[in-house]
Amino acid sequence: MERGKTKFIFVSGGVVSSLGKGLAAASLGALLEARGLSVTLLKMDPYINIDPGTMSPLQHGEVFVTDDGAETDLDLGHYERFVHTTMGRRNNCTTGQIYDTVIQKERRGDYLGATVQVIPHITDEIKRRIQLAAEGSDICIVEVGGTVGDIESLPFLEAVRQFRWDLGRENVLYVHLTLVPFIPAAGELKTKPTQHSVKELTGLGIQPDILLCRCDRALEQRFRAKIAHFCNVEENCVIAAVDVKTIYEVPIKFHEEGFDQRVVEKLNIWTGQPNLTKWRRLIKTAQNPKVTVNIAVVGKYVNLVDSYKSLHEAIAHGAIANEAKVEIDYVDAEELEKGDVGKRLANAHAIIIPGGFGERGIEGKINAVRYARESGVPILGICLGLQVMVIERARNVLGIKRANSREFDEKTPDAVIDMMEYQKDVANKGGTMRLGSYPCTIRPGSLAASLYRRNPIAERHRHRYEVNNSYRAALEKAGFKATGTSPDDSLVEIMELPNHPWFLGCQFHPELRSRPLDCHPLFRGLIRAAVQRRAAQAPERSKVRELRSVS
């Protein structure tokens, strides 16, 4: 295709939310990238928050942090896991950001006294953001958040409608994802919801070129023909988005449906067939594990798995890298504050303490760390997880009974975890933490050094509190070593117990950098340790089974 001229693909959703627009957009990106095209993606969120940084994970899911320190929608995690392009601040925009920019321009007088309106001022700002995100790429895939029919999405859809008028049909493609539900009483799939969704979209001036039909079984030809006829799309542009066992099958399934071929034809792009060898090998490994291990994730947002989306996927990457299958047990940290910790975590071959904010469940996490330390269970502490490890060590090994984080107890006499000095006068909550990618120097001979095999490294952060250096010497003397620090040695980034099978905490979020085709070293190492623990337990279990069969 002609270099320097970006083509745009807009992905909208209808019928219900959570159909997987982000995953569909990312999978299409993977296919187009496999054809040799440079791809970037943009998520447009209709909520009025400036970003999801101040939103509860239980309501919105995880906050994905980019290298440049933007707090963004979790779909950007999907984008980075499926394409090589590193996402940044320009790859996510919200209604709040759009209106904030327009209002600031109005206050400066940029509109020369004009009446500021949704059309053209808001829609023009949306289009400007889309063009900004697309710079330097062959293809820009834009995901419109929300569901067609929502009042919040209307300005975005109007801007999307204008794009084809501005750039021409050969440069803009509309993809609409809908639900084709199976009704057990009728014994068949129903196309009416899709028809209504497309009718709603065409009423806004957008005629979809390709329909992705989410369904739990094969979409028969008669249903494809019916959808094509009533929705005014070509029959070969009705693509089945069938449920799969692992999300990494989606690009392959889309390719088999001809999705990427229809896209390049309609955008008049010449490319060869995609090279999907690595994706096929990945899926084959994932579908044929040699061993199963149990990983306990001790957190406080376990009622919504999307709160730990990147973590969930990073564990899956670690499993694939070790030719294993992982059963994840999400454990509510509050359960471990009163119950029998050893009994609850007895089946865990490894434990993860993920990040989070607030004091709820902290004592349960501390109990989990102690159990892992005393029982020799491999454990990874992430962000808050590292801080909890430090508190546990200080209390139960150093004997500092009131050791705590200033976040949980402002009056603690022993704040082994304290706020960074420059954070103490910060008033606003949004976008004011230590955010984005920071360098880390690793101590030679450590577990971290054997896992990363490079030095220095760079990892993404999202926190306000740090290990208090006043207690660092005492912690190291007690065996808890700081094996990763900032280049000037002022901030602790990684701590580990050398005399434990696998005990490591990190102040950053390694899950944000893990990819299915390039597993993060810490997750590769943790799952390997879990596999080794399971293997070490196997002889004992075999003896138990032998005794039972004799009796």
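Everything below is about the structure shown above.
Fair warning: this is a prediction, and the values are worked out from it, not measured in the lab.

Undergrad: Before we go on, may I ask you to explain a nonpolar patch on the surface in this structure?
TA: Taken together, the side chains of Tyr99, Ile103, Val118 and Ile119 define a hydrophobic patch exposed on the protein surface, amounting to about 340 Å² of accessible area. Those elements giving two or more residues to the nonpolar patch turn out to be helix 4 (95-108) and helix 5 (118-134). Residue position: Tyr99 is located in helix 4.

Undergrad: Would you explain the packing of helix 4 against helix 5 in this entry?
TA: Interaxial distance between helix 4 and helix 5 falls to 10 Å at its minimum, and their mutual angle equals 115°. When you trace helix 4 past helix 5, the crossing you get is right-handed. Touching Gln97, Ile98, Tyr99, Thr101, Val102 and Lys105 of helix 4 are Val118, His121, Ile122, Glu125, Ile126, Arg128 and Arg129, all from helix 5. Residues of the contact of helix 4 with helix 5, tallied by class, amount to 6 nonpolar, 3 polar and 4 charged.

Undergrad: I tried to follow the pairing of strand 18 (residues 434-442) on my own but got confused; where do I start?
TA: Along a regular strand, successive side chains alternate from one face of the sheet to the other. One ladder, built from 7 bridges, connects strand 18 with strand 19 (residues 457-463); its direction is antiparallel. Looking at strand 19, one finds that Pro439 is bridged to Ala458. Where strand 18 lies against strand 21 (residues 481-485), 2 bridges are found, and the strand directions are antiparallel. Bridge pairing in strand 21 places Ile442 opposite Gly484.

Undergrad: How should helix 7 (residues 192-203) be read in this particular structure?
TA: Since one α-helical turn is 3.6 residues long, residues separated by three or four positions face the same way. Here helix 7 is 12 residues long and its end C-alpha atoms lie 16 Å apart, about the 16 Å a rise of 1.5 Å per residue gives. Burial in helix 7 covers these residues: Thr194, Gln195, Ser197, Val198 and Leu201. When helix 7 is viewed along its axis, its buried side chains cluster within an angular range of 165° and face the same direction. Looking at helix 7, the residues exposed on the side facing more than 90 degrees away from the buried face are His196, Lys199 and Gly203. Elements that come into contact with the buried residues of helix 7 comprise strand 1 (7-13), helix 6 (154-167), strand 7 (172-179), strand 10 (210-215) and helix 8 (221-231). Backbone geometry just downstream of helix 7 places Gly205 in the positive-phi region, at approximately 95°.

Undergrad: I'm lost on the sheet that holds strand 7 in this one. Help?
TA: Pairing within the open sheet is parallel, and its 7 strands lie in the order 5-2-6-1-7-10-11. Edge positions in the sheet fall to strand 5 (92-94) and strand 11 (238-242), since each has one partner strand and no second. The sheet shows a mean angle of 20° between the axes of neighbouring strands, taken without regard to direction. Where strand 2 (residues 39-45) lies against strand 6 (residues 139-144), 6 bridges are found, and the strand directions are parallel. Looking at strand 6, one finds that Leu41 is bridged to Ile141. Here helix 7 sits on the sheet in contact with strand 1, strand 7 and strand 10, set at roughly 145° to strand 7. Of the strands in this sheet, strand 10 and strand 11 touch helix 8, which is tilted by about 125° from strand 11.

Undergrad: In this structure, what is going on with the nonpolar core? I would like to understand it.
TA: Soluble globular proteins: nonpolar side chains tend toward being buried together. By size, the foremost hydrophobic cluster in this structure holds 50 residues, and its most contacted members are Ile9, Leu32, Ile139, Ile141, Phe254, Phe259 and Val263. The element best represented in this core is helix 1 (residues 21-34), accounting for 9 residues. Setting aside residues no more than four positions away along its own chain, Val263 makes contact with Ile9, Leu28, Leu32, Leu173 and Ile210. Counting residues in each nonpolar core, the second largest holds 40 residues, with Ile351, Ile353, Leu386 and Phe480 among its members.

Undergrad: I tried to follow the packing of aromatic side chains on my own but got confused; where do I start?
TA: One pass over the full model with this rule turns up 10 aromatic pairs. For the pair Phe10 and Phe163, a centre-to-centre distance of 5.3 Å together with 65° between the ring planes defines the contact as edge-to-face. Linking Phe10 in strand 1 with Phe163 in helix 6, this pair joins segments that are 153 residues apart in sequence. Of the two residues, Phe10 and Phe163, both sit in the buried class. Seen from their ring centres, Phe10 and Tyr174 are 6.1 Å apart, and the 35° between their planes marks the pair as tilted. Within this pair, whereas Phe10 is found in strand 1, its partner Tyr174 is found in strand 7, the two being separated by 164 residues in sequence. A relative accessible area of 2% places Phe10 in the buried class. Aromatic ring contacts, followed pair by pair, group Phe8, Phe10, Phe163 and Tyr174 into a single cluster. When the ring centre of Phe182 is taken as origin, the NZ or CZ atom of Arg217, which lies over that ring, is 3.5 Å away.

Undergrad: What is the right way to look at the pattern of salt bridges in this model?
TA: Scanning the entire structure with this criterion turns up 44 salt bridges. For Arg460, the salt bridge identified is with Glu80, shortest N-O distance 3.2 Å. Pair noted here: Arg460 is in strand 19 and Glu80 is in helix 3 (residues 75-82), with a separation of 380 residues, a long-range link. Glu80 shares its class with Arg460; the two are buried. The partner of Arg406 in a salt bridge is Asp418, with the nearest N and O atoms 3.3 Å apart. You can see Arg406 sitting in the loop between strand 16 (403-405) and strand 17 (414-419) and its partner Asp418 sitting in strand 17, a full 12 residues away along the chain. You can call Arg406 partly exposed: its relative accessible area is 28%. Members of the salt-bridge network, linked through shared partners, are Asp67, Glu80, Glu459, Arg460, Arg513 and Arg515.

Undergrad: Looking at this model, I keep getting lost on helix 3. Mind explaining?
TA: Burial of helix 3 is extensive: 8 of the 8 residues sit out of reach of the surface. Taken as a whole, helix 3 has its buried residues at Asp75, Leu76, Gly77, His78, Tyr79, Glu80, Arg81 and Phe82.

Undergrad: Looking at this model, I keep getting lost on the sheet that holds strand 12 (residues 291-299). Mind explaining?
TA: The strands that make up a sheet pair up through hydrogen bonds in the backbone, lying either parallel or antiparallel. Taken together, the 9 strands give an open sheet; going across it, the order is 13-12-14-15-23-22-21-18-19, and neighbouring strands pair in mixed fashion. Sheet topology places strand 13 (324-332) and strand 19 at the edges, where each strand pairs with a single neighbour. Strand-to-strand twist across the sheet, computed as the mean angle between neighbouring axes with direction ignored, equals 30°. As defined by bridge partners, strand 15 (residues 379-382) adjoins strand 23 (residues 503-506) across 4 bridges and the pair is classed as parallel. Of the residues in strand 23, the one forming a bridge with Ile382 is Cys506. Where helix 12 (residues 309-321) meets the sheet, its contacts fall on strand 12, strand 13, strand 14 (350-353) and strand 15, and the angle it forms with strand 13 comes to roughly 150°. Running at roughly 115° to strand 15, helix 15 (residues 384-396) makes contact with strand 14, strand 15, strand 22 (492-496) and strand 23 of the sheet.

Rules of the game
Residues numbered from 1 in each chain as written. Predicted model: local features only at pLDDT ≥ 70, side-chain atom pairs only at ≥ 80, totals over all residues. Heavy atoms only, no water. Patch = residues over 30% accessible without salt bridge, like charges linked within 9 Å, V, L, I, M, F, W, Y side chains within 5 Å. Areas by Shrake-Rupley, 256 points an atom, 1.4 Å probe, with all protein chains shown as cover. Salt bridge = Lys/Arg side-chain N within 4 Å of Asp/Glu carboxyl O. Helix = DSSP H or I, 4+ residues; strand = E, 2+ residues; numbered from the N terminus. Axes fitted to C-alpha atoms, helices over the stretch in contact; angles between N-to-C directions. Left-handed = near helix turned anticlockwise from the far one by under 90°. Contact = heavy atoms within 4.5 Å. Nonpolar A, V, L, I, M, F, W, Y, C, P; charged D, E, K, R; others polar. Pairing = 2+ DSSP bridges. Expected span 1.5 Å × (residues − 1). Buried < 20%, exposed > 50% of the residue type's maximum accessible area, 1.4 Å probe, protein only. Arc of directions from axis to C-beta. Core = buried A, V, L, I, M, F, W, Y, C linked by side-chain atoms within 4.5 Å. Phe/Tyr/Trp six-rings, centres within 6.5 Å; stacked < 30°, edge-to-face > 60°. Lys NZ or Arg CZ within 6 Å of the ring centre and 35° of its normal.

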